[in-house]
Amino acid sequence: MARGAYGMRAGKTYVVTGAVGGIGRRLVEKLTSERASVWALDHCQEGLAELSEAASKSGYELQVLRVDLRDPESTSDAVRRVLKQTPKLDVWINNAGVSGAGDFLKASDETFQDVFKVNFMATVQTTRSVLTHMDAQGSGTIVNVASIAGFVPAPYLVAYSASKHAVVGFTRALREELRLRDSPIRLVLVSPGFVNTQMIQATNLQFPSWLRWALSSPEQVASEIVTAANGSREEVTPTWNGKVMQALHTVLPRTTRKNAKLLLTDTFSDWLGGRYRLSE
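Residues numbered from 1 in each chain as written. Predicted model: local features only at pLDDT ≥ 70, side-chain atom pairs only at ≥ 80, totals over all residues. Heavy atoms only, no water.

Trainee: Tell me what's going on with the overall build of the protein chain, and back it up with residues and numbers.
Mentor: Broken down by element type, the protein chain carries eleven helices and seven strands. For the protein chain, long-range pairs separated by at least 24 residues make up 67% of all intrachain contacts whose partners lie at least 6 apart in sequence. Accessible surface for the protein chain amounts to roughly 13,500 Å². Of this, 54% is attributable to carbon and sulfur atoms. (Helix = DSSP H or I, 4+ residues; strand = E, 2+ residues; numbered from the N terminus. Contact = heavy atoms within 4.5 Å. Areas by Shrake-Rupley, 256 points an atom, 1.4 Å probe, with all protein chains shown as cover.)

Trainee: I'd like to hear about the pattern of salt bridges, residue by residue, with values.
Mentor: Considering all chains together, one arrives at 14 salt bridges under this definition. Among the ionic pairs, Lys30 bridges to Glu34, the shortest N-O distance being 3.0 Å. Judged by its relative accessible area of 23%, Lys30 falls in the partly exposed class. Taken together, the shared-partner salt bridges in this structure form one network comprising Arg172, Arg175, Glu176, Arg179, Glu234 and Glu235. (Salt bridge = Lys/Arg side-chain N within 4 Å of Asp/Glu carboxyl O. Buried < 20%, exposed > 50% of the residue type's maximum accessible area, 1.4 Å probe, protein only.)

Trainee: So what's going on with the side chain of Lys12? Which residues, and what values?
Mentor: In this structure, Lys12 sits in the loop between α1 (3-6) and β1 (13-17). Asp90 provides the closest opposite charge to the buried, salt-bridge-free Lys12, at an N-O distance of 5.6 Å. Polar contacts involving the side chain of Lys12 include one to the side chain of Asn230, which spans 3.2 Å. (Lys, Arg positive; Asp, Glu negative; His and termini not counted. Polar contact = N/O pair within 3.5 Å; in protein donor to acceptor, adjacent residues only side chain to side chain.)

Trainee: Hey, could you go over the packing of aromatic side chains for me, with residue numbers and the actual values?
Mentor: Between two aromatic rings, the relevant description is the distance of the centres plus the angle of the planes. Enumeration over the complete set of coordinates arrives at four aromatic pairs. When the ring of Phe104 is compared with that of Phe112, the centres are 5.8 Å apart and the planes differ by 75°; the resulting orientation is edge-to-face. What makes Phe104 partly exposed here is its relative accessible area of 48%. Given the relative accessible area of 23%, Phe112 is considered partly exposed. Here the aromatic residues Phe104, Phe112, Phe116, Phe120 and Phe170 are joined through ring pairs into a cluster of three or more. (Phe/Tyr/Trp six-rings, centres within 6.5 Å; stacked < 30°, edge-to-face > 60°.)

Trainee: Pulling in residues and values, what's your account of the packing of helix α4 (residues 72-85) against helix α5 (residues 109-137)?
Mentor: Helix packing for two helices is described by the angle between their axes and how far apart those axes are. Two elements in contact, α4 and α5, have axes separated by 10 Å at closest approach and are oriented at 25°. Looking at the two axes, α4 sits roughly parallel to α5. Where α4 crosses over α5, the two elements pack in a sense that is right-handed. Of the residues in α5, those touching α4 at Pro72, Thr75, Ser76, Val79 and Leu83 are Gln125, Thr126, Ser129 and His133. (Axes fitted to C-alpha atoms, helices over the stretch in contact; angles between N-to-C directions. Parallel < 35°, antiparallel > 145°, perpendicular 65-115°, else oblique. Left-handed = near helix turned anticlockwise from the far one by under 90°.)

Trainee: Any details on a nonpolar patch on the surface? Residues and values, ideally.
Mentor: A cluster of nonpolar side chains, contributed by Phe104, Leu105 and Val158, occupies part of the molecular surface with about 330 Å² of accessible area. Position of Phe104 among the secondary structure elements: in the loop between β4 (91-94) and α5. (Patch = residues over 30% accessible without salt bridge, like charges linked within 9 Å, V, L, I, M, F, W, Y side chains within 5 Å.)

In structure tokens form, the structure reads like this:
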């Protein structure tokens, strides 16, 4: 099929980690529908099977692979399998993430470490392997999905925020290193705001129902990620709420930090009265 029929994605090969979740699933659906060749990586075998079945029924090109990103050996094996079977890899999207929401003093070391393993260390590990492969082929794009929490601190999201701050710093520093050696590889940082996904719905710090109107859709974020992967911008903040928070944090950091407590309120009146709900 000619590229013009489906846009710039047709004929390209993409890898999406965290492919079963809200944003990941929408990425897979969008890319396959535009006739890209896609690898979907996730730890959830059942979810991968659902993606595979849906793609097969639609005649889309999709390969699925189970991986435990908390395990470096599992991660290395998955990357090796993908690269071995992919003559030319165009875009690798490090989308997988876990929240680890809760009271820092009550969280176990294991929980904190798991958040970092998935959100940060897996990103470092896959980026190193994929970058080597793309260097050899002379082209490619790596997209690291961070979060607005990588810029704006939020209470009871300590592990998540710290891991996303790490992704931001890692991506920016590595990009400068690539520039110094005139690398042809693009490194894109994507930092969404609040998105209506299972991660937000499942956290023990339920997103306030009175603020759900402010949530962005995973379809919107997926669309902006795909555009960024095929564009020229180095950093993208999808969702209007993310853009507002990042702008406010730049000019009014104290106000932004104070408003982060909105996540701990049940009603607008609670916020006005300074009544905040703590995690159990």
